[in-house]
Amino acid sequence: MHRFFLLLFFLFSDYAFGQYAIRNGVSIPASDTLRVFVVFAELDFSQGPCPNNLPDNLNGSWPKDSQGKTHLPLDANTFFDAALNPGQQPKGFITDYYHSASFGKYVLLGDYFPEVITVPCSKMRIGDNGVNTVLRMLDTLKSEDGTLRTQNGYALNDFDLWTPTENGLPKIKSPDGKIDLLYIIWKNNRFLTSASTGGNSGYGVNASKGVAFKNMQGINNMASFNCNNTGSGAYTITIAEHLHGIFGGNNWHSAGGRGAHTFLATANSYGLTGQHPATMQAVSGWDRWMMHWKRADKNYVTSAYDLNGKEIQTENISIETFSQGATFVLRDFVETGDALRIKLPHIDWQKNGDVKNQYLWIENRQMKTRFDEYLSGSCVNTDDGVFPRGTPGIYAYIQVGKDQREGGKEIYSGAYEHPNGLASPFFPLSAEGNFDFYYDWDRIQQAQWIDCNWNNSNLPVNKKRSLPNPFTGFSDLYRYIDSNHDGALYSGDKLQAGLSEVQGDTVIHNYNTSGDWMDAFSSETGNRKLAIGTNPAPVPVYTYTTNQEFSTFNLVDGKPDKYENRTIWLNGLSVEIIDENKEAGTITVQIRWGNYDINNDVRWCGNIVLSPNDFDVSKPSLVLQTGNKMLLDRGQSPQFHKATEKDKNGEWMFTDPTVFTCVKESYFYLEPKSQLVLDNKSKLVLRSGSKLVAGAKSKIIIKPGSELITEDGSQLILEAKAKIIRK
Ligand SMILES: [Ca+2]
Ligand SMILES: [Ca+2]
Ligand SMILES: [Ca+2]
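Notes on the structure in this doc start here. Everything numeric here is computed off the predicted structure, so don't read it as measured data. (Residues numbered from 1 in each chain as written. Chains lettered and ligands numbered in written order. Predicted model: local features only at pLDDT ≥ 70, side-chain atom pairs only at ≥ 80, totals over all residues. Heavy atoms only, no water.)

## Some thoughts on the coordination of the calcium ion (ligand 3)
Now for step 1: With distances of 2.3 to 2.7 Å, the protein atoms coordinating the calcium ion (ligand 3) are Asp482 (OD), Asn484 (OD1), Asp486 (OD), Ala488 (O), Ser491 (O), Asp493 (OD) and Asp493 (OD).
Now for step 2: Positions of the donor residues of the calcium ion (ligand 3) along the chain correspond to the pattern D-x1-N-x1-D-x1-A-x2-S-x1-D.
Now for step 3: Residue classification places Ser491 among the partly exposed positions, given a relative accessible area of 25%. (Donors = N, O, S within 2.8 Å, 3.2 Å for Na, K, Ca; no water. Buried < 20%, exposed > 50% of the residue type's maximum accessible area, 1.4 Å probe, protein only.)

Below you can see the structure in the form of structure tokens.
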């Protein structure tokens, strides 16, 4: 039998023999048609004893009649389409979601048993997924033609289209006598994963045998989770549980969820693998790239169009592949798949343990489908309703690792150093920028049940008083604070940031971590460019592995592991919007690699490295243009989970002082009348073979405690009336 499977695989796969690929799905297919058998179930807490004698405190919104009988959620028929004819648009939210995400390649159908299965509490044990209990109860029900019928009249074997294979190998499209995928959606099961399973959690899709029932020999896969409310929250949790069947285990969540995380805090990105606190669940470029979901009329999964209308593959834009730069026209990503994926220079992963590659994704999102919608809609700042579902424009995020689409079985590895190993690998770049936030301690908001506050005490941010920090600052979509001042993050920090903001004289409760209208690069927000001098900038971001509970951190001898990126590699990349066609919804984006100029004031923090000019080492690789000021300063946004030292006001700091290193052959040019200021123990290091030229009347100001270090063989050239001022 085993040999037979392998033969089929060899014949029908377009990959080499033995190749595993994420797009083949874990235990279920991630393309073609799959029909989910859904059972809505509840626990009857009056038929105890219940485990640990816990009470029923998940009441949810499922209806009950006057006899106390629980009925199906009112929107039970809105999750899935039971069937879909070719060319027909799905109505069910989840069927439509995957249909849209995959351009119709993934038809995820579903139908449900027409009554709620009520399970006595005494039949549950803590940690039991409840599958066999539910299957045995179904087995006792009256058969119709030897089977059970679902709401739309399907028999059980209509849910058996597939025979599973190994994770990552193509599934076989023939029945094996087992239900392909059983979803048990619970109203109130407190015992699923622990003695306190919440109203929206449980087991994601995974392979599971299950007992024989009726005319079936069992099941291939199950998901079993609470969904005690109806409406959009129910769809969100269902999509979040389904991802494990197609992407992988907990290390495939993004924007929170269980699994060890890539960054010091989880970033609120969007996409299929996101769940709360994702900004949106609409499909991302990475989702489609990973799953090979291509629009039928296109040649490539990830592509865009040049100015002549020719489709260009854009999944591997780099300084090597598009060294002269390029200009692309992007249509709405969700509808077309147009997107750019740009490999950030200076990180080049070769083997496990190396620093993971980072890629900048650029997507035009016009907010056209019903999935382009904030998950926290009513609490989001939409510019007073001007952009209720987000501002149409360019959305940008950095992908860290998660770039092994095929290979051996290790593509599913959860090992921290493996490129695919960590969850929450996306770092959104909000057009609003990155800052060292100013928190207004005089206006702490006490816990109260008001809109968008949810009884959390919180600390408002004052953006007007925050300092720009494009490289290592936080944004609305990525932040954490030591609010109890004990020198440790995730240690007693009940007071939260991200729920409120000081505007003028008042505090606005706007849940600003959940995304807002200012995230898009667009003429609407005024930010149309990512480059070395902008905020944010297209440079690699720091990583810092945190476990799923944020209780342990992966340090070696007290330092981040060697696969972590802790270097801001400067580069000449710029990504700029050069045209927006509002009517057609298209955006033209220009990519260049030789943009080394800074034409505004900047405040830079972190471990920053300047490399040589990529095209001509005799030319500058960084130019601070006339009249502008660069401040090298110590960042205030935490970059370690434990404080490094106290500042002069006695406050804990979670950063190292800034070090700006100019490596061999790099060339930093201060144009006439520009100013470079070193403050707060910043160091500027000129390595042997590097060059700093201070143009006429420019100034290098070195504040107490800061240093300019010129190694032997480096050049520091002061042109007419340029000055170094030590304060
Ligand atoms: Ca099957
Ligand atoms: Ca914002
Ligand atoms: Ca703390």
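And the narrative resumes.
## Re the sheet that holds strand β39 (residues 707-710)
Now for step 1: Strand order in the open sheet formed by five strands is β23-β28-β33-β36-β39, with parallel pairing between adjacent strands. Looking at which strands have only one partner, the edges of the open sheet turn out to be β23 (568-569) and β39. (Pairing = 2+ DSSP bridges. Helix = DSSP H or I, 4+ residues; strand = E, 2+ residues; numbered from the N terminus.)

## A few points about the nonpolar core
Now for step 1: In this structure, Tyr98, Tyr183 and Phe247 are the most contacted members of the largest nonpolar core, which totals 64 residues.
Now for step 2: Per element, the largest residue contribution to this core is six residues, and it comes from helix α4 (residues 232-246).
Now for step 3: By size, the runner-up hydrophobic cluster in this structure holds 49 residues, among which are Ile317, Leu429, Tyr478 and Phe654. (Core = buried A, V, L, I, M, F, W, Y, C linked by side-chain atoms within 4.5 Å.)

## Digging into a positive patch on the surface
Now for step 1: There is a patch of like positive charges on the surface, built from Lys629, Lys699, Lys723 and Lys727.
Now for step 2: By secondary structure assignment, the location of Lys723 is in strand β41 (residues 723-726). (Patch = residues over 30% accessible without salt bridge, like charges linked within 9 Å, V, L, I, M, F, W, Y side chains within 5 Å. Areas by Shrake-Rupley, 256 points an atom, 1.4 Å probe, with all protein chains shown as cover. Salt bridge = Lys/Arg side-chain N within 4 Å of Asp/Glu carboxyl O. Lys, Arg positive; Asp, Glu negative; His and termini not counted. Charge placed at Lys NZ, Arg CZ, Asp CG, Glu CD.)

## Looking at the side chain of Ser224
Now for step 1: Here Ser224 lies in strand β7 (residues 221-226).
Now for step 2: A distance of 2.7 Å separates a polar side-chain atom of Ser224 from the backbone oxygen of Asn129.
Now for step 3: Among residues more than four places away in sequence, those in contact with Ser224 are Asn129, Ile184, Trp186, Leu192, Gly202 and Tyr203. (Polar contact = N/O pair within 3.5 Å; in protein donor to acceptor, adjacent residues only side chain to side chain. Contact = heavy atoms within 4.5 Å.)

## Quick look at the coordination of the calcium ion (ligand 1)
Now for step 1: Within the first shell, the calcium ion (ligand 1) binds the protein through Asp160 (OD), Trp162 (O), Asp176 (OD), Lys178 (O), Asp180 (OD) and Asn220 (OD1), at distances of 2.3 to 2.5 Å.
Now for step 2: The site at the calcium ion (ligand 1) holds six donor atoms, and with the angles between them running 74 to 171°, its shape is octahedral.
Now for step 3: Mapped onto the sequence, the donors of the calcium ion (ligand 1) take the spacing D-x1-W-x13-D-x1-K-x1-D-x39-N. (Tetrahedral: all angles 85-135°; square planar, octahedral: opposite > 155°, others 65-115°.)

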